[in-house]
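Listed here are the chains, written in short residue letters.
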Amino acid sequence: MVHHRPHSAAGPPPEFGTDLHLELHGPGLRAGLTDALRQAVRTGRLAPSSRLPASRSLAADLGVSRNTVVESYAELVAEGWLTAQQGSGTRVATRVPEPHRAAPDAPRAKPDEHRPRYGLLTGAPDLANFPRTQWLIAARRALTAAPHDAFGYGDARGRMELRTALADYLARARGVYAGPERIVICSGFHHGLALMAQALRVRRVRAVAVEAYGLDLYRDLLRNAGLYTPPLYVDESGARIDDLARLRGVGAVLLTPAHQYPTGVALCPERRTAAVDWARGTGGLLLEDDYDGEFRYDRQPVGALQGLDPQRVVYFGSVSKSLAPGVRLGWMVL
Ligand SMILES: Cc1ncc(COP(=O)(O)O)c(C=O)c1O
């Protein structure tokens, strides 16, 4: 580190502070000086409009040739960091790109310093509980056994091994009935719904009823795909399926039957049957978002709606609650 004490403090404010700390590094002296000056401007240590020392005095202070300083200044003028005007010397430009400037020597916040100790947001799994060891063991086993073609593009629906394992798991854990040929792997519910919205548009569906309370994200996704999203109101027995009869032109309904999000109510048995009846009667589809169907705290397990009529229900699942959202793994059962 080189401490430079400017000789000429004359001139209009703002001026240099007492010390200009330049850290010279890099392949050559000139490049090092240029880097250090750029960094000083970027971090705000050299304030906009402040005057730089004359090249001769800075060169003397740093023990470098005057040419080195002149060339370095010229480069920074060309890049827009400094300005050079006859009579007023070399100054820091007044308009330095904002995002790069920080308060001079501001203490760096440690990443965890301001983080709350407890996360009480709804819907987030405990990320500290991610089963790292089991995941590593499973990944190692899968990588060891995987044939070369597992690293190719493969089947757009996902690897057969995964779809077979899922078909088994979903039948066992959620009462979902489908062979692996009807399962499509996607990167979470969000991705699955986006694919489904496209498919519905191709089938000339114009409107998808959505539960009146829910995440705007999914409603917006459907709207952005060009679909109307009439609301279906929710009471203590879940979505009011009977209201579907009054909604015109609805070709599909997006439901969270296991736990309505965010109220948490389960769709009652009569309404499950009514939903399937509506789908059969109109040729519509039920889109079952089973994002957290594996979890229950206060009631008997409720199997997936899909089991009632695999022909009329598109089932969506995700590991975002059971493992972690960062895994970005989900599935559709078509
Ligand atoms: C209602 C609902 N559905 C689905 C999901 C899961 O979405 P993804 O699988 O895209 O992470 C969430 C996650 O918060 C959710 O709240």
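Data block above holds the structure.
Structural notes, computed from the coordinates. Here the structure is a predicted model, which is why all the values come from computation and not from measurement.

Looking at the environment of R219
1) Next: Looking at the element boundaries, R219 is found in helix 7 (residues 216-224).
2) Next: Classification of R219 as buried rests on a relative accessible area of 15%.
3) Next: Taking C-alpha positions, R219 is 9.1 Å from V208, a pair spaced 11 residues apart along the chain.
4) Next: Among all residues touching R219, those that are not within four sequence positions of it are V210, E211, A212, G214 and T229.

Re the site of the ligand
1) Next: Every residue close to the ligand is listed here: G188, F189, H190, L215, Y218, Y261, D289, Y291, S318, S320, K321 and R328.
2) Next: Y218 has a polar side-chain atom sitting 3.3 Å from an oxygen atom of the ligand.
3) Next: Computed on the free molecule, the ligand has an accessible area of 390 Å², of which 88% lies beneath the protein chains in the complex.

So, the pairing of strand 3 (residues 82-85)
1) Next: In this sheet, strand 4 (residues 89-92) lies alongside strand 3 in antiparallel orientation, the contact comprising 4 bridges. In the sheet register, L82 faces strand 4, and the bridge partner there is V92.
2) Next: Counting the residues in the hairpin turn of strand 3 and strand 4 gives 3 residues, including G87, whose phi is positive at 90°.

Rules used throughout
Residues numbered from 1 in each chain as written. Predicted model: local features only at pLDDT ≥ 70, side-chain atom pairs only at ≥ 80, totals over all residues. Heavy atoms only, no water. Helix = DSSP H or I, 4+ residues; strand = E, 2+ residues; numbered from the N terminus. Buried < 20%, exposed > 50% of the residue type's maximum accessible area, 1.4 Å probe, protein only. Contact = heavy atoms within 4.5 Å. Near = heavy atom within 4 Å. Polar contact = N/O pair within 3.5 Å; in protein donor to acceptor, adjacent residues only side chain to side chain. Areas by Shrake-Rupley, 256 points an atom, 1.4 Å probe, with all protein chains shown as cover. Pairing = 2+ DSSP bridges.

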